[in-house]
Amino acid sequence: MKNDYRFLRACRRQDVDCTPVWMMRQAGRYLPEYRALREKHSFWEMCKTPELAVEVTLQPLRRMELDAAILFSDILVPLEPMGSAIEFHEGRGPVVERPIRSAADLKTLKVVAAEETVPFVMEAIRILRRELDGKVPLIGFSGAPFTLASYLVEGGGSKQYQHIKTMMYVNPQVYHRLMEMITQTVISYLKAQILAGAQAVQLFDSWVGCLGSFDYQEYVFPYNQKIFQALAEFDIPKIHFANQASTLLKQVVAAGGDVIGLDWRQDISSAWEIIGPECGVQGNLEPLVLFAPIPEIRRRVRMVLDQAANRNGHIFNLGHGILPTTPIDHAKAMIDAVHEFSVR
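As the structure is a computational prediction, the values presented were derived from the model and not from experiment.

**Remarks on the overall build of the protein chain**
- Helix and strand counts for the protein chain stand at 17 helices and nine strands.
- A compact globule built from 344 residues would reach a C-alpha radius of gyration of about 20 Å, and the protein chain, at 19 Å, matches this within 12%.
- Projected onto its principal axes, the C-alpha positions of the protein chain cover 55 × 45 × 40 Å.
- Per-residue burial for the protein chain yields a buried fraction of 58% across its 344 residues.
- Residue pairs at least 24 apart in sequence account for 73% of intrachain contacts in the protein chain once pairs closer than 6 positions are excluded.
- Only carbon and sulfur atoms are counted for the fraction: they give 49% of the accessible area of the protein chain, which is about 14,000 Å².
- Taken as two groups, the 37 positive and 39 negative side-chain charges of the protein chain have centres that lie 1 Å from each other.

In structure tokens, the structure reads:
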């Protein structure tokens, strides 16, 4: 592995020539070339066909000076081989055909070995490493256990998380068994990605911000910690992104990760005081800022960089995924401004 990638050096809190930048969901719907492919192929087909996943991963790199590629896939990919039928509906997102609500439902699931059950992901990674040819490093990823469990129990997206929280409080044995099964699958999934060639991995806990501190510690912390402990044997950066989790920040840091991702609701300067010097920080421009005029985008980029104060270990990113209707030239303006304003 090369050691001079700007992104990897920042993950390790080493000196860089300027702040690296990439975007969550950078491979996706805001690009017309992605939409053109999507007209010909279903979303699942694009995830499961290595050549299509590779093409979508590379598309943003042809337009912008990004410092990392992130594999095009979906956090729900490892759930299907566990025994959960998932369909993607336009306007509704993913829908789980048979939600998991009881011990009997749990019997329909199994822990799976990722290399055997989702080999297309690993093949896409291997092809990407060849195609990237050392230009930028490749990030792999997985959803975190709580976020994945929430999809399975709620049956799709949710605002109240009523079913998953009811399971916690009423059927904790079922909840913990489900979380353990998902955790083992995620460990297998991320290990397989690393062995296939991913040079960093990110754990997305997109929904964990719905929990209070006690529930996080009781129902989430042990499983995320187990994942990072299992990945400790691999000398690559591990990024831990917990969305809407500013009140949980100390616990998120304690659960693990070399880099802590921050959503846009947190000030980097004060958050870094909580995170401490042993971790890098990733983030955290509000995604909707990219709809502002370019001078305002540049002003906001400088504000985020000022909060980070050129400390080693900062990776610039959005505070969540780039939105589908984002103007491409505005995204490019952000990326160029990051590099311009952060030259060491």
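**Looking at helix α16 (residues 294-308)**
- Between its first and last C-alpha atoms α16 spans 21 Å; for 15 residues at 1.5 Å apiece the expected length is 21 Å, and the two agree.
- Within the span of α16, buried status applies to Ile297, Val301, Val304, Leu305 and Ala308. Buried residues along α16 cover an arc of 100° about the axis, so they all sit on one side. Looking at α16, the residues exposed on the side facing more than 90 degrees away from the buried face are Pro295 and Asp306.
- Along its buried surface, α16 packs onto α15 (268-275), β9 (314-315) and α17 (328-341).
- Phi turns positive one or two residues past the end of α16, at Ala309, with a value near 55°.

**Topic: the sheet that holds strand β1 (residues 69-70)**
- Across the sheet, seven strands lie side by side as β1-β4-β5-β6-β7-β8-β9; this open sheet has parallel pairing. At either margin of the open sheet sits one strand with a lone partner, and together these are β1 and β9.
- Sheet topology places strand β7 (residues 259-261) next to strand β8 (residues 280-282); three bridges connect them, and they run parallel. Following the sheet pairing, Ile260 is matched in β8 by Val281.
- Set on the sheet, helix α11 (residues 172-196) makes contact with β4 (138-143) and β5 (200-205); between it and β4 the angle comes to about 170°.
- With respect to the sheet, α15 is in contact with β7, β8 and β9, its orientation differing from that of β8 by roughly 140°.

**Description of the nonpolar core**
- Within the largest apolar cluster, 136 residues are counted, with the highest numbers of intra-cluster contacts made by Phe7, Met23, Phe146 and Met334.
- Looking at which element gives the most residues to this core, the answer is α11, with 13 residues.

**Side note on the packing of helix α9 (residues 145-154) against helix α10 (residues 162-170)**
- Closest axis-to-axis distance for the α9/α10 pair is 8 Å, and the angle between their directions is 105°. Between α9 and α10, the interaxial angle falls into the category roughly perpendicular. Only Gln162, His163, Ile164, Met167 and Met168 of α10 make contact with α9, whose side of the interface consists of Phe146, Ala149, Ser150, Val153 and Glu154.
- Here the residues of the contact of α9 with α10 are counted per class, giving six nonpolar, three polar and one charged.

**Thoughts on the pairing of β4**
- Extensive coverage of β4 is indicated by the burial of six of its six residues.
- Residues Leu138, Gly140 and Ser142 line one face of β4 and the alternating positions Ile139, Phe141 and Gly143 line the opposite face, and both faces are buried.
- Here two bridges tie β1 to β4, and the two strands are oriented parallel to one another. Bridge assignment links Ala69 to a residue of β4, and that residue is Leu138.
- Where β4 meets β5, five bridges bridge the pair, whose relative direction is parallel. Bridge pairing links Ile139 to Ala200 in β5.

**Some details on the packing of aromatic side chains**
- Taken as a whole and assessed by the stated rule, the structure comprises eleven aromatic pairs.
- Aromatic side chains Tyr161 and Trp207 sit 5.3 Å apart centroid to centroid with 70° between the ring planes, which places their arrangement in the edge-to-face category. With Tyr161 in the loop between α9 and α10 and Trp207 in the loop between β5 and α12 (213-219), the pair connects residues that are 46 residues apart, well separated along the chain.
- Taking relative accessible area as the criterion, Tyr161 reaches 11% and is therefore assigned buried.
- What makes Trp207 buried here is its relative accessible area of 12%.
- Joined through ring pairs, the aromatic side chains of Tyr34, Phe43, Trp44, Phe72 and Phe88 make up one cluster.

**Thoughts on the packing of α9 against α11**
- Two elements in contact, α9 and α11, have axes whose closest approach is 9 Å; the angle formed by their N-to-C orientations is 120°. Relative to α11, the element α9 is oriented oblique. Considering the relative orientation of α9 and α11, their crossing is right-handed. On the side of α9, the interface is formed by Pro145, Phe146, Leu148, Ala149, Leu152 and Val153, while α11 contributes Tyr175, Leu178, Met179, Ile182, Thr183 and Val186.
- A breakdown of the residues in the contact of α9 with α11 according to their chemical character gives eleven nonpolar, one polar and no charged.

**Examining unusual backbone geometry**
- In this model, Gly283 is joined to Asn284 through a cis peptide bond whose omega is 0°.
- You can see Asn284 is positioned in the loop between β8 and α16.
- Phi at Gln244 is positive, roughly 55°, even though this residue is not glycine.
- Of note, Gln244 is situated in the loop between β6 (238-242) and α14 (249-255).
- Residue classification places Gln244 among the partly exposed residues on the basis of a relative accessible area of 43%.

Rules used throughout
- Residues numbered from 1 in each chain as written.
- Predicted model: local features only at pLDDT ≥ 70, side-chain atom pairs only at ≥ 80, totals over all residues.
- Heavy atoms only, no water.
- Helix = DSSP H or I, 4+ residues; strand = E, 2+ residues; numbered from the N terminus.
- Rg over C-alpha atoms; globule rule 2.2 N^0.38 Å.
- Buried < 20%, exposed > 50% of the residue type's maximum accessible area, 1.4 Å probe, protein only.
- Contact = heavy atoms within 4.5 Å.
- Areas by Shrake-Rupley, 256 points an atom, 1.4 Å probe, with all protein chains shown as cover.
- Lys, Arg positive; Asp, Glu negative; His and termini not counted.
- Charge placed at Lys NZ, Arg CZ, Asp CG, Glu CD.
- Expected span 1.5 Å × (residues − 1).
- Arc of directions from axis to C-beta.
- Pairing = 2+ DSSP bridges.
- Axes fitted to C-alpha atoms, helices over the stretch in contact; angles between N-to-C directions.
- Core = buried A, V, L, I, M, F, W, Y, C linked by side-chain atoms within 4.5 Å.
- Parallel < 35°, antiparallel > 145°, perpendicular 65-115°, else oblique.
- Nonpolar A, V, L, I, M, F, W, Y, C, P; charged D, E, K, R; others polar.
- Phe/Tyr/Trp six-rings, centres within 6.5 Å; stacked < 30°, edge-to-face > 60°.
- Left-handed = near helix turned anticlockwise from the far one by under 90°.

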